[in-house]
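Analysis of the macromolecular model
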Amino acid sequence: MTYRAASPRIPRSVGRRVLIGIVIAVAAIILLAIFTSIMTNVLWYRALGYGGVYGTMIGIRLLLFVIGAVVLGGTVLLNLAVARRLRPLTVPNTPDQQALARYRRTFEPYLGKIAVVLAALVGLIGGLSLDGAWQTVLGFWNRTSFGTKDPQFHLDAGFYVFTYPFLRLVIDTAFAAVVLGFFAAAVTHYLYGGLRIAGRGRGRHVSAGARAHLGIVIGVFMLLKAIAYWLDRYGLVHSTRGVAEGASFTDVHAVLPVKTILAVIALFCALLFFVSAFRRGMLFAGLSVGLLILSAILIGGAYPAIIQQFQVKPNQVEKESPYIARNIKATRTAYGLQHVHVRPYDARSDVSQSETSSADEAQNIRLVDPNVVSKTFQQLQQIRGFYSFNEALDVDRYDISGKQQTSIVAVRELPAPPPDRAGSWVSQHIQYTHGYGFVSADGNQVDSDGKPVWQAYNIPEQSDLGSFQPRIYFGEQVPNYSIVGGPKGAPPAEFDYASESSSGQQNTTYTGRGGVGMGSFWTRLLYALKFHDVNILLSTDNVNSHSRILYDRDPRQMVQKAAPYLELDGDPYPAVVDGRVKWIVDGYTTTDAYPYSERTSLDQATQDTLTATGANAALPSKQVNYMRNSVKATVDAYDGTVTLYAWAPSDPLLKTWQKVFPGTVKPASAMSADLRDHIRYPEDLFKTQREVLSRYHVTNPASFYGGQDFWSVPDDPTNSAEKVAQPPYYLESRMPGDKQPIFSLTSTLVPKNRPNLAAFVSVSSDVHNGYGDIRVLQLPRDTAVPGPGTIQGNFESYAPASTELALLRRGGSSVRFGNLLTLPFGGGLLYAEPVYVQASAGESYPLLQRVLVSFGTKIGYAPTLDEAMKQVLTGSTGNKNQKNQNKDDTGDLRSQLAKALSDAQQAYADGQDALKRGDFTAYGDAQKRLKAALDRADAIQKKLGATPTSAPSPSVSGGTPSPGGSSPAPSGASPTPTTP
């Protein structure tokens, strides 16, 4: 006989203690994480100088959490207590009640604790849901009048932006509390027998106490419903029922009176429930609910549908026109388009060189594409392999030698230490802490090889922009955290840049005021917990009383924390201002509650080639119908100082938030003259405005209803991979009537579903010359002026260009078209596009080698812009005897051309093979044969009457490459430029 040993049993008390211990430990970890997050945020905000912002946010969110928890949790607890107190003394001895009695006996000792726990859980959820509405609450308590009234109810727009959302929040919270309270009361009454599902006899299903309790709760619900119906009347200014957003004919003449009627019926129902709660019988109260439901279906749904179908649709233009006019006016005001100047523009297709100065105009065309030359900057100005530039560079302008020049700018940042040092904690967080240098190149010209003409370059810095602090501690590509500012000379020092010294590097010690001081043991402990890194606490040699910790140092992130009420432009840009490199960030105040204005999705309106590729940050998926560039912010790249300037001080939203966070935003007059010279009109605002303008340039309601004159943003013709909107471009443009070019942000628009050009839009970015003025050149509807897509197709099919570029592509080089720019010129519109060539082998980078221009029906293709402009202005082909060519000569010449191109292709292939073998003598011979073949092809093209060109060398740097495969970084003086 086999006996099994009895398994040891854990006493119940021990298991309970273990469970309680686990719960306490988990709770302690959560509370410690929350405490660490709050305290480190307090330290970060204080270091930034915006401690009051965080204090206000935490205070109001904590208050709203408590209110939400008390209202929802308290309502549930109150209804549970009242229902238990009103339980019947006796209940019928029915089978269902017998079962419930057993449960009551089991849980009766714990019901009080269960009620408290249940109410606490509901309160926790309610508090968390309400604390996210802190902006709605603060906006209401500090609301500012807009000074404009809606055309339907004649209330200030501020009522809809601030008051209406707050009232909806209060009503929704009250609804949630009442519904939860009702269910808590109903379940409790059922468990205690006051509310019975089974049983016989009239009036025996609901006890008097349950009837009174539930009747009052339902009465409160009906009262809230009456208030909600009344508020719904004002929400009609955001209705989407009609042709345009806002109260339509049906809303005004059907829905509005229906909402009023339903509010009266709901109020009547509430009174009946209050009365029935203290009188025997709920018949009339129940019938009133049926009346409300029937009224909501018949007059709330059917009646407006009948009006829409039989009154509006047969004559919709006439019925809706007054309401469309309201929408047009409100939308143009809300997006800052009420003063847009639209001018008819004939866009002539022919102009002679005598009628315009091509030399002067050519200087205004920015051919260096900031979205293409990042790799060129990387190769020529990276200096060390661990520095990095953004994928898309920025466009600005600088006064150099007394003349304003368009500039392509970037900063040399340090996202991580060198790969061979990446495993060391000291290297990651103590030594490699910052980038170094501001790099700038002329936007309108390149050197003879197609490389940028530098304005600020190299390490140490060589600059035409004056002296400035070159170290970049705060930027878009920075380490997770860095600890800086230890005692000067104490190892390990911060790496600054490579030098010819014995150590091979120049070191530095941070002396700025950015970051949080690490002098306290408790501060180090907090950050060790925050970053889960014990080295912060234990590495006393590297972290001492002089140290400061830098983190959360992306410019957009910093401004967002300092001004949490703003939406931020996706493209911060660096500028040398007052001897410092500063990031300039545009901030927007937005709302989706402006009356009668059309809503726009920010992410869709601002999406283009750059956001699709991740070169620029995308705006959030958020609906807005009001937008202002209210704040210009700067972030010092050395010490992290964040400064906010009120760029639109009259904006009611900004005024409201200045009341909430007083003293955080400086007046625009506090800007230095140097900073004002680098202010740009923001891209994301302009993209949103052009999206709205594509429809709202039509101000006649009948025409708007038809939609035949609507425009759309063209697809980027240089991005053939997917259909994405063409981004706007910064350039110097001279609009008709201007005495001089203005630094502007420009875009083209095409008719909806058509390829030809409809309009050219330009907004001034010059604070000294009409900043913010949006001007539109509207082309004739009966003239098919080619749009960007058509022009790009013409460029690629143009024989001289297609022949040469096809040769380069077959030879292994890649050809990339730069930004297709459009600008007014000689009474028409000129298109200009740079062509970049990049070898496929070695450490190659794009070089600007050709320029394509188009004016009217003429196309120019040449190595420089001046030559291409002459071709379209004079019509010269470079061959005076072209008309004397006969057919036989032409056929023979074409055979010779084919042979020359074939020889060039073979020479190029031989050169690539020589490169792979490292045989630079053979490579040089192949280059000579390639040049000779291309020269022959060029001469033959001239005889055939084609555009004269000198083909670009497909080598990496325009000459014999160095064994490393890349051109050396420039040093000393900037290379002699040639206008492209």
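In case you missed it, the structure is sitting above this.
Described in the following lines is the structure provided in the data block. Quick caveat, the model's predicted, so the values are computed rather than measured.

Some points on the overall build of the protein
Looking only at helices and strands, one finds 27 helices and 32 strands in the protein. For the protein, the residues scored as buried account for 53% of the 980 residues in total. Taking the contacts inside the protein whose residues are at least 6 apart along the sequence as the reference set, 70% of them involve residues at least 24 apart. Taken as a whole, the protein presents about 43900 Å² of accessible surface, with 56% of it coming from carbon and sulfur.

Looking at the packing of helix H5 (residues 134-141) against helix H19 (residues 652-660)
Direction vectors running N to C along H5 and H19 enclose 95 degrees, while the axes themselves pass 9 Å from each other. Looking at the two axes, H5 sits roughly perpendicular to H19. In contact with Trp134, Gln135, Leu138 and Gly139 of H5, H19 contributes Thr656, Trp657 and Val660. Residue composition of the contact of H5 with H19, grouped by class: four nonpolar, three polar and no charged.

Side note on the environment of Thr664
Assignment of secondary structure puts Thr664 in the loop between H19 and strand E21 (665-667). Judged by its relative accessible area of 14%, Thr664 is buried. C-alpha separation for the pair Thr664 and Gly49, spaced 615 residues apart in sequence, amounts to 9.0 Å. Other than its neighbours up to four places away in sequence, Thr664 contacts Tyr50, Val53 and Leu644. At a separation of 2.8 Å, a polar atom in the side chain of Thr664 contacts the main-chain carbonyl oxygen of Phe661.

Here we look at the pairing of strand E9 (residues 481-484)
In E9, alternate side chains face the same way, and those of Tyr481 and Ile483 on one face and Ser482 and Val484 on the other are all buried. In terms of strand pairing, E9 meets strand E13 (residues 548-551) through four bridges, oriented antiparallel. When the sheet's bridge partners are listed, Ser482 is paired in E13 with Leu550.

Re helix H14 (residues 521-530)
Along H14, the residues that are buried comprise Thr523, Arg524, Leu526, Tyr527 and Ala528. The N-capping residue of H14, defined by a side-chain oxygen 3.1 Å from the backbone nitrogen of Trp522, is Ser520.

Observations regarding the packing of aromatic side chains
Applying the stated criterion across every chain yields a total of 42 aromatic pairs. Judged by centre distance (4.9 Å) and plane angle (55 degrees), the rings of Phe153 and Tyr234 are tilted. Here Tyr234 lies in helix H7 (residues 208-235) and Phe153 lies in the loop between H5 and helix H6 (157-191), a separation of 81 residues in the sequence. The pair Phe153 / Tyr234 is uniform in exposure class, with both members buried. On the numbers, 5.8 Å between centres and 75 degrees between planes, the contact of Phe182 with Phe183 is edge-to-face. The exposure class assigned to Phe182 is partly exposed, which follows from its relative accessible area of 27%. Three or more aromatic residues joined by ring pairs make a cluster, and in this case those are Phe153, Phe159, Tyr160, Tyr164 and Tyr234. When the ring centre of Tyr229 is taken as reference, the NZ or CZ atom of Lys225 above it lies at 5.0 Å. A cation sits over an aromatic face here: Lys632 above Trp647, 5.5 Å from the ring centre.

The rules behind the values
- Residues numbered from 1 in each chain as written.
- Predicted model: local features only at pLDDT ≥ 70, side-chain atom pairs only at ≥ 80, totals over all residues.
- Heavy atoms only, no water.
- Helix = DSSP H or I, 4+ residues; strand = E, 2+ residues; numbered from the N terminus.
- Buried < 20%, exposed > 50% of the residue type's maximum accessible area, 1.4 Å probe, protein only.
- Contact = heavy atoms within 4.5 Å.
- Areas by Shrake-Rupley, 256 points an atom, 1.4 Å probe, with all protein chains shown as cover.
- Axes fitted to C-alpha atoms, helices over the stretch in contact; angles between N-to-C directions.
- Parallel < 35°, antiparallel > 145°, perpendicular 65-115°, else oblique.
- Nonpolar A, V, L, I, M, F, W, Y, C, P; charged D, E, K, R; others polar.
- Polar contact = N/O pair within 3.5 Å; in protein donor to acceptor, adjacent residues only side chain to side chain.
- Pairing = 2+ DSSP bridges.
- Phe/Tyr/Trp six-rings, centres within 6.5 Å; stacked < 30°, edge-to-face > 60°.
- Lys NZ or Arg CZ within 6 Å of the ring centre and 35° of its normal.

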